[in-house]
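# Structural overview for review
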Amino acid sequence: MTEQTNAPRERDRPAALGTESDEIQSAVAATYAVLAECWREPTEQLVEVVHAGELAPVVGDVGPVDLRDLRTEYTRLFIGPAGPPCPPYESVYRDGEAPDELGPVKGPATMAVTRWYREFGVQPAPDHPDLPDHLATELEFTAYLAEQGFDDRLDQFLDEHLRQWTDEFLTRVERETREPFYTALAETTREVVHQ
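Calculation notes
- Residues numbered from 1 in each chain as written.
- Predicted model: local features only at pLDDT ≥ 70, side-chain atom pairs only at ≥ 80, totals over all residues.
- Heavy atoms only, no water.
- Axes fitted to C-alpha atoms, helices over the stretch in contact; angles between N-to-C directions.
- Helix = DSSP H or I, 4+ residues; strand = E, 2+ residues; numbered from the N terminus.
- Parallel < 35°, antiparallel > 145°, perpendicular 65-115°, else oblique.
- Left-handed = near helix turned anticlockwise from the far one by under 90°.
- Contact = heavy atoms within 4.5 Å.
- Nonpolar A, V, L, I, M, F, W, Y, C, P; charged D, E, K, R; others polar.
- Bend = angle between axes of the 7 residues up to and from the residue.
- Buried < 20%, exposed > 50% of the residue type's maximum accessible area, 1.4 Å probe, protein only.
- Polar contact = N/O pair within 3.5 Å; in protein donor to acceptor, adjacent residues only side chain to side chain.
- pLDDT = per-residue confidence, 0-100.
- Salt bridge = Lys/Arg side-chain N within 4 Å of Asp/Glu carboxyl O.

## Regarding the packing of helix α2 (residues 44–51) against helix α4 (residues 67–78)
- At a minimum axis separation of 10 Å, α2 and α4 run at an interaxial angle of 120 degrees. With respect to each other, α2 and α4 are oriented oblique. Pair α2 / α4 crosses with right-handed handedness. Judged by residue contacts, Glu44, Leu46 and Val47 of α2 engage Leu67, Leu70 and Arg71 from α4.
- When the residues that make up the contact of α2 with α4 are grouped by side-chain class, the tally is 4 nonpolar, no polar and 2 charged.

## Quick notes on helix α8 (residues 151–176)
- Along α8, the sharpest change in direction is near 45 degrees and occurs at Leu162.
- Residues of α8 that are buried: Leu154, Phe157, Leu158, His161, Leu162, Trp165, Thr166, Phe169, Leu170, Arg172 and Val173.

## Examining the side chain of Glu90
- As for its position among the elements, Glu90 is in helix α5 (residues 90–94).
- Among the polar contacts made by the side chain of Glu90, one reaches the side chain of Arg94 at a distance of 2.6 Å.

## Focus: the confidence of the model for the protein chain
- Averaged over every residue, the pLDDT of the protein chain is 87; residues scoring 70 or more account for 88%.
- Note on residues 5–17: pLDDT is under 50 here. Beyond four places in sequence and across chains, it has 18 contacts.

## Things to note about the pattern of salt bridges
- This model, assessed by the stated rule, comprises 11 salt bridges.
- The closest approach of N and O atoms between Arg40 and Glu140, which form a salt bridge, is 2.9 Å. Highlighted residues: Arg40 in the loop between α1 (19–38) and α2 and Glu140 in helix α7 (residues 135–148), separated in sequence by 100 residues.
- The buried category is assigned to Arg40, whose relative accessible area is 4%.
- By relative accessible area, Glu140 is classed as buried at 16%.
- Its salt-bridge partner being Glu168, residue Arg172 comes within 3.9 Å of it at the nearest N-O pair. Residue Arg172 and its partner Glu168 are both found in helix α8; the two are separated by 4 residues, about one turn of the helix.
- Of the residues examined, Glu168 reaches a relative accessible area of 38% and is grouped as partly exposed.

In structure tokens form, the structure reads like this:
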């Protein structure tokens with residue numbers, strides 16, 4: 001998320017927290033932020049972090065990764081060419097006309113998530129052109145809520161959004177992927193979101 005366009009109302013801010021609570025809050029926020037970056041298109045920096053072992057505390061040891069292989073798999077899983085097997089958008093899983101049918105991109109769920117962002121005066125970063133209901137964008141927003149100490153609102157956002165659709169998405173990723181990185185990332189994301 002970018003800088004805030006409007007500060008949250010003072011009454012919405014939590015009371016001052018102790019050092020231990022601040023550390024837990026920061027750790028939770030960092031976990032969500034790391035997961036958000038991992039669900040974006042792979043970069044050289046991601047590969048460097050994996051090779052340095054810095055990602056292991058969050059997603060475990062995924063072994064060696066290759067940028068070209070990760071980008072190919074990312075494209076195959078989440079972009080296409082003929083419609084991706086694992087679209088990473090909430091609206092696709094929640095806005096279908098029938099329970100077993102995928103819905104459209106930019107459906108009502110997208111608008112509901114956008115209202116959350118507006119309420120907190122944040123907007124997706126311009127260097128991440130993903131739709132508002134892309135998994136990475138929603139995880140980035142949960143990181144923001146955790147970092148700011150909006151625990152009740154974080155739980156509400158998880159219940160109303162991420163917990164409503166990610167299990168189906170993550171199951172598809174686990175079934176479809178050929179890269180251990182995405183298998184580990186799906187498992188970790190499920191643990192974090194559904195805890």
